[in-house]
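# Reading the structure
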Amino acid sequence: MSDIEIMQKLSPRRNTTEATDAPSLVDEQLRHFGIDPQSEFGASLAKITLHLYAAQVDTEALWNQTLQSMVQLERTEKIARFNAKKFLSFQLAKLLDTSQNSFRRSYQRIGCTTTSKLTKGPYPVFDNVTAIFSATPVITRTATYIYACAEWIEDAFQGKELLLEIYSRLLNPTSVTLANHIVDIEAGPYTSEYFAWNFSSGMAAIDGVLSHVLGRDDMLIQSRNIYGGAHQLIHDWYAKPSNLGIGVVTFDGHDAADFDEALEETRKRYADRLAQGRKAYVYLESPCNPHGYVLDVPGICKRAHAAGLEVILDATVGTPFLQLPLQRDDPEERPDYLIHSYTKDLSGTGTVIAGCVIGRMEKMFLPKGMEGWQQTMFWNVYYVKGAFLAADLAFEVMQGMRTLEVRMLAKCINTVILARFLDAHPSINVHCNALPEDDNAEAMRGQHFLGLPAPLFTIDIDGVSRVAFQRFFDSLAPMFGHMISLGQSNTIVSCPALTTHSELDESGLTAAGIRPTTIRMAVGDEDPRDLIRHFVDAALLAIEPLHPGFCAEFMPPEDTHELIREWYLDTHRRYIESKTES
Ligand SMILES: Cc1ncc(COP(=O)(O)O)c(C=O)c1O
């Protein structure tokens with residue numbers, strides 16, 4: 001881009017200017033706003049404006065230099081550059097702040113009645129400048145934004161001027177901060193290649209990505225154990241003939257070879273659709289509801305990509321603490337779209353409903369008119385659907401995320417302890433990949449940080465009557481919360497067959513390994529001794545009277561104590577060692 005083109009971007013007539021150099025741009029700008037360049041004020045304004053046009057060219061040059069040189073810099077040079085640029089931001093803000101004085105005075109001098117002043121509210125720009133340096137993200141609670149001029153807002157509507165955010169259903173600074181933050185965390189060294197959109201719920205994020213990729217009569221190859229709401233959305237809405245009529249093929253996915261069979265099945269079952277050019281996509285949830293089992297995500301991605309299929313992964317349950325699927329060395333092993341329900345462990349408080357989709361930049365956003373812009377998620381779905389995340393909630397998610405590591409570490413250790421304690425009872429069947437003999441243990445260890453399980457597993461109690469089971473289940477409160485939403489700081493229990501997976505029919509439940517009396521535990525970060533003590537007490541109260549001897553078979557207290565001690569010490573040691581290794 002030539003210097004004059006760069007400067008034009010700063011002009012109020014950026015698209016229609018007739019100016020050919022900086023002085024004529026300045027002259028044109030002053031006249032645009034009715035200022036006489038020959039006047040004393042005009043001359044002062046012109047002087048500043050000329051500096052700004054030059055600064056715009058230099059700032060662009062700095063950006064280009066940064067892009068070219070960043071990779072090979074020493075760490076000390078990176079620190080120096082960061083701080084120099086941080087200081088530059090303060091200098092620019094200082095300029096803005098200084099210019100606020102005369103701006104405010106002009107506003108005050110325009111003069112209007114108290115009625116109008118009250119109705120309009122404060123003119124916030126003067127005071128918003130210093131808020132740039134708020135130590136936490138500013139909660140930008142506004143529906144709309146002040147725009148600079150007609151041509152800038154025209155560009156903003158084309159996605160060519162991101163400084164003007166137009167309307168908070170589309171863009172909002174607080175939500176954008178969260179989107180940038182989750183990309184930094186999920187994509188790590190590949191951050192500049194990825195982009196995220198936040199949604200008003202995890203379900204809205206799932207719907208966002210499905211409605212983005214799926215067309216009429218397309219096909220979805222779906223892993224079996226997914227969140228019940230997602231199952232319902234896929235089967236009851238997308239597959240409904242009067243909606244998109246998509247074809248669904250289900251597979252386990254614990255082993256990537258399962259995928260080959262599902263793909264073969266899709267090719268057979270939907271040969272006519274494929275012949276007509278309809279497309280197939282892959283939808284995975286890993287670790288998955290309700291057992292916390294891990295799929296071979298890298299293996300499935302690789303096979304799907306080799307067959308030309310895009311992969312969507314709901315990575316909610318693992319969180320970036322346990323897995324970083326977008327940071328696989330081999331891009332073919334990475335999913336194309338990664339979904340989070342922020343509602344769960346990322347926010348961790350149980351006070352927010354929110355979600356996001358992360359994808360490669362070119363699939364998520366391009367300015368209008370650039371090749372492929374209509375196929376980006378922003379224009380195809382986001383812009384038109386309106387499920388944006390409000391600023392207050394985005395802020396709350398970010399606050400929660402600060403403690404993700406410590407919360408997840410405690411939860412994962414508690415999961416191992418609870419699973420092992422319960423598994424030691426001969427009548428309790430534990431489905432948890434934290435157990436060394438579990439079929440999914442190796443897959444989990446291969447993909448999860450420190451080989452830790454997701455804080456989610458299920459148990460079945462054998463040989464206990466329905467009456468005793470229900471009395472027992474109802475006695476688990478308050479140490480085990482009678483609640484549905486996993487990913488809070490407290491442990492909760494639910495019966496998937498009656499709740500999160502009630503959308504599945506009997507054969508679906510059986511295939512998913514869910515019995516009517518299966519208990520799902522979403523483990524929190526309480527003291528594990530309290531959880532264990534309460535579990536045993538509830539069994540004493542509700543099971544023991546009907547099944548004498550049941551409680552005598554729990555792990556003895558001294559062994560339980562040793563189990564807790566061993567896992568706390570060992571996992572923390574490995575955690576610290578992982579930090580010193582990197
Ligand atoms: C794995 C998973 N994905 C997505 C969702 C949906 O998220 P939300 O409740 O934020 O809509 C849930 C909700 O329970 C979930 O467990």
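How each quantity is defined
Residues numbered from 1 in each chain as written. Predicted model: local features only at pLDDT ≥ 70, side-chain atom pairs only at ≥ 80, totals over all residues. Near = placed C-beta within 6 Å. Nonpolar A, V, L, I, M, F, W, Y, C, P; charged D, E, K, R; others polar. Domains from an automatic or database assignment. Contact = placed C-beta atoms within 7 Å. Axes fitted to C-alpha atoms, helices over the stretch in contact; angles between N-to-C directions. Helix = DSSP H or I, 4+ residues; strand = E, 2+ residues; numbered from the N terminus. Parallel < 35°, antiparallel > 145°, perpendicular 65-115°, else oblique. Left-handed = near helix turned anticlockwise from the far one by under 90°. Buried ≥ 20, exposed ≤ 12 C-beta atoms within 10 Å, placed from the backbone. Arc of directions from axis to C-beta. Expected span 1.5 Å × (residues − 1). Core = buried A, V, L, I, M, F, W, Y, C linked by C-beta atoms within 7 Å.

## Some points on the site of the ligand
Every one of the 16 residues lining the ligand counts as a neighbour, but Ser201, Gly202, Met203, Ser341 and Thr343 are closest to it. Residue composition of the shell around the ligand, grouped by class: five nonpolar, nine polar and two charged.

## Description of the domain arrangement of the protein
You'll often see interface size given as the accessible area lost when the parts meet. Under the domain assignment used here, the protein contains domain 1 (3-138), domain 2 (175-401) and domain 3 (404-580). The C-alpha centroid of domain 3 is placed 28 Å from the C-alpha centroid of domain 2. In this complex, domain 2 contributes 29 residues to the contact, which on the side of domain 3 involves 35 residues. Taken together, the residues of the side of domain 2 that touches domain 3 break down into 11 nonpolar, 14 polar and four charged.

## A look at the packing of helix H9 (residues 202-213) against helix H16 (residues 377-385)
Taken N-terminus to C-terminus, the directions of H9 and H16 make an angle of 130°; their axes are 9 Å apart at the nearest point. Here H16 runs oblique to H9, going by the angle between their axes. Considering only the axes of H9 and H16, their crossing is right-handed. Contacts from Gly208, Ser211 and His212 of H9 reach H16 at Met377, Asn380, Val381, Tyr382 and Lys385.

## What about H16?
Listing the buried residues of H16 in full gives Met377, Phe378, Val381 and Tyr382. Around the axis of H16, the buried residues are gathered within 120° of arc, so they sit on the same side. Of the surrounding secondary structure, the elements contacted by the buried residues of H16 are strand E1 (194-199), H9, strand E7 (355-360) and helix H15 (361-364). One or two positions beyond H16, positive phi appears at Gly386, with a value near 85°.

## Quick notes on helix H22 (residues 528-542)
One turn of the α-helix equals 3.6 residues, which is why residues spaced by three or four share an orientation. Its 15 residues give H22 an end-to-end C-alpha distance of 21 Å, which sits within 8% of 21 Å, the value for a rise of 1.5 Å per residue. Turning to H22, its buried residues are Pro528, Leu531, Ile532, Phe535, Ala539 and Ala542. Seen end-on, H22 carries its buried residues on one side only, within an arc spanning 115°. Close packing links the buried residues of H22 with helix H18 (404-423), helix H20 (466-474) and helix H23 (557-581).

## Concerning the nonpolar core
Trp197, Val282, Ile312, Ile339, Cys356 and Val357 are the most contacted members of the largest nonpolar core, which has 118 residues in total. There are two domains that each give this core at least three residues, and those are domain 2 (175-401) and domain 3 (404-580). If near-sequence neighbours (up to four positions away) are discounted, Val282 is found in contact with Ile221, Ile300, Ala304, Leu309, Val311 and Ile312. Among the nonpolar cores identified, the runner-up in size contains six residues, and Ala22, Leu25, Leu30 and Tyr53 belong to it.

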